[in-house]
Structure formats: structure tokens, C-alpha cells
Amino acid sequence: MTGWIQPPLFTTRDYRTFERERHADLANPWMIRARRAARALSEARGWTRWVASDVDRALVIVLSGHAEGESIRCTEIFPALRGRGLPVGRTAEVLN
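All figures in this text were calculated on a predicted structure; none of them were measured in a lab. (Residues numbered from 1 in each chain as written. Predicted model: local features only at pLDDT ≥ 70, side-chain atom pairs only at ≥ 80, totals over all residues. Heavy atoms only, no water.)

**Q** For this particular structure, what's the right way to read the overall build of the chain?
**A** In terms of helices and strands, the chain carries five helices and zero strands. Sequence-ordered secondary structure for the chain, helices as α and strands as β, is α-α-α-α-α. Of all 96 residues assigned to the chain, the portion counted as buried reaches 29%. Here the contacts in the chain between residues at least 6 apart in sequence split such that 72% fall between residues at least 24 apart. Of the roughly 6800 Å² of accessible surface on the chain, 53% is carried by carbon and sulfur atoms. (Helix = DSSP H or I, 4+ residues; strand = E, 2+ residues; numbered from the N terminus. Buried < 20%, exposed > 50% of the residue type's maximum accessible area, 1.4 Å probe, protein only. Contact = heavy atoms within 4.5 Å. Areas by Shrake-Rupley, 256 points an atom, 1.4 Å probe, with all protein chains shown as cover.)

Set out below in C-alpha cells:
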């Protein structure tokens, strides 16, 4: 007889394995909505075009494959975005 194994409390995604050519889903409705919000924040806050571009790249990584009701945790996106030199704080601001 095998022992009981507690299932995980929540599932996690490893965003570090993201490859744009294989995983990008630019038609995702959450992606479209977030990219619009990022453009509005960019204009309102005076982000440079490089910062706006980096946030856009980060949103593609985080929201490709995202489904309604899924949580996005900062602790999950931090390693993937920092490893690529992308802004975690501004990306989280858009996601909020």
C-alpha cells in the first residue's frame, strides 16, 4: 500500500523556459488588454520607448498561455524577467 501524498496547494509556471518563437500567443485576450494598459501607462508616466518595449516583451512572456482565473505571482515572474534584463516592477504595475 502506498502512502498518501498531499497534492500541491497551487501550481506554478516556470517562465524561464519561455521561447518567443514557440510560446508567444499574441492573440490572447489578456495579452491584448495588458498591452493596451501598458501603452496608456507609458504615455501617462513618460516611459522611454526602450522601457515601453521591455515591458511589452515582459508581458508577452508572462501572458502567453494565460487563462482567465489563473494567478500570476511576482515570485514566479521575477527570475524569468530579471534573467532577461526586463523590468519586473513596471510589468507588475501593468498587471495590477
